[in-house]
Every structure is written in C-alpha cells, then in structure tokens.
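If you want the building blocks of each chain, they are given just below.
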Amino acid sequence: MASTVREQQVLQARAALILAARRRSLVTYKELGLAIGMTGVALSNQMGRVLDGVSDLCIEAGEPSLAALVVNSATGAPGKGFDDGGVPWHTEVQEVFRHWAKQ
C-alpha cells in the first residue's frame, strides 16, 4: 500500500527529529520544513498536523514526544499548538534528549 504525502512527511520529520535529539539540539519550524520539503503556506498550515502525527508515533512507541524539539525561531519556544500533556516543555525536551542518547 502506498503511503500518503502526509505519512511520508511524518516519517521524514520523525527521522530528522531523532537526529536532532541525538545531537541534543532544537529545530525551528522552518528548518524542519526544509528538511521534509515543506515551505511557505504549507509550512504554516500543515506543520502542526505533521507534528501531531510524529507525536502519535512517539506515544505508540512509549517515547517522549519529539515534537517538543520544534520551536519558533523568534521566541525559541514551541508554538501555540504544542500540548505538553501536563509536563513542562523544558522537562519534555530533556526527556527526549535522554531517551535518544540511549538509543
């Protein structure tokens, strides 16, 4: 079965964010967009859905959310759509770094 463009973007974003986690670095929305071939209006309108898909994969795998690593270039913080699930954002970022350091 062929995967959809969104599914491919989610998998590409996950791979890019795993690399960022292993490097212990944050990624801007624009940087992630460029990594998965998403720019302009699509970036603004669709990145949230891609990151939701990444988070869903993380939850299914029992991992902390890689989406925590994606930040706004102007603020250095995640966008309004980021749901920390009750865990402070900085704590989630550190959990992501620790998890992927062991992989």
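Residues numbered from 1 in each chain as written. Predicted model: local features only at pLDDT ≥ 70, side-chain atom pairs only at ≥ 80, totals over all residues. Heavy atoms only, no water.

Trainee: Could you clarify how one ought to interpret unusual backbone geometry in this entry?
Mentor: Most of the time, phi is negative for any residue but glycine, and the peptide bond is trans. In this model, R24 sits at a positive phi of 60 degrees, which is unusual for a non-glycine residue. Topologically, R24 is positioned in the loop between α1 (5-22) and β1 (27-28). The partly exposed category is assigned to R24, whose relative accessible area is 46%. (Helix = DSSP H or I, 4+ residues; strand = E, 2+ residues; numbered from the N terminus. Buried < 20%, exposed > 50% of the residue type's maximum accessible area, 1.4 Å probe, protein only.)

Trainee: What is the right way to look at the environment of Q46 in this model?
Mentor: Within the secondary structure, Q46 sits in helix α3 (residues 40-61). Q46 gets classed as partly exposed once you look at its relative accessible area, which sits at 24%. Contact partners of Q46, with chain neighbours within four places excluded, come to R6 and M38. (Contact = heavy atoms within 4.5 Å.)

Trainee: Honestly, the packing of α1 against helix α2 (residues 29-36) in this entry has me stumped. Any pointers?
Mentor: What describes two packed helices is the angle between their axes and the distance between those same axes. Two numbers describe how α1 lies on α2: the axes approach to 9 Å, and their chain directions differ by 120 degrees. Taken together, α1 and α2 sit at an angle that is classed as oblique. The interaxial crossing formed by α1 with α2 has right-handed handedness. Counting all contacts with α1, which are made through Q9, Q12, A13, A16 and L17, the residues of α2 involved are L32, A35 and I36. For the contact of α1 with α2, the per-class residue count stands at six nonpolar, two polar and no charged. (Axes fitted to C-alpha atoms, helices over the stretch in contact; angles between N-to-C directions. Parallel < 35°, antiparallel > 145°, perpendicular 65-115°, else oblique. Left-handed = near helix turned anticlockwise from the far one by under 90°. Nonpolar A, V, L, I, M, F, W, Y, C, P; charged D, E, K, R; others polar.)

Trainee: What is the right way to look at the nonpolar core in this model?
Mentor: If you look at soluble globular proteins, the nonpolar side chains tend to sit buried side by side. Judged by nonpolar contacts, the single largest core of 27 residues is most densely connected at L17, L32, M47, L66 and L69. Looking at this core, the elements that each hand over two or more residues are α1, α2, α3, β2 (70-71) and α4 (89-101). Here M47 is in contact with Y29, L32, G33, I36, M38 and A42, once residues within four sequence places are set aside. (Core = buried A, V, L, I, M, F, W, Y, C linked by side-chain atoms within 4.5 Å.)

Trainee: Before we go on, may I ask you to explain the side chain of S65 in this structure?
Mentor: In this structure, S65 sits in the loop between α3 and β2. Aside from chain neighbours lying at most four places away, what touches S65 is S55, C58, E92 and V96.

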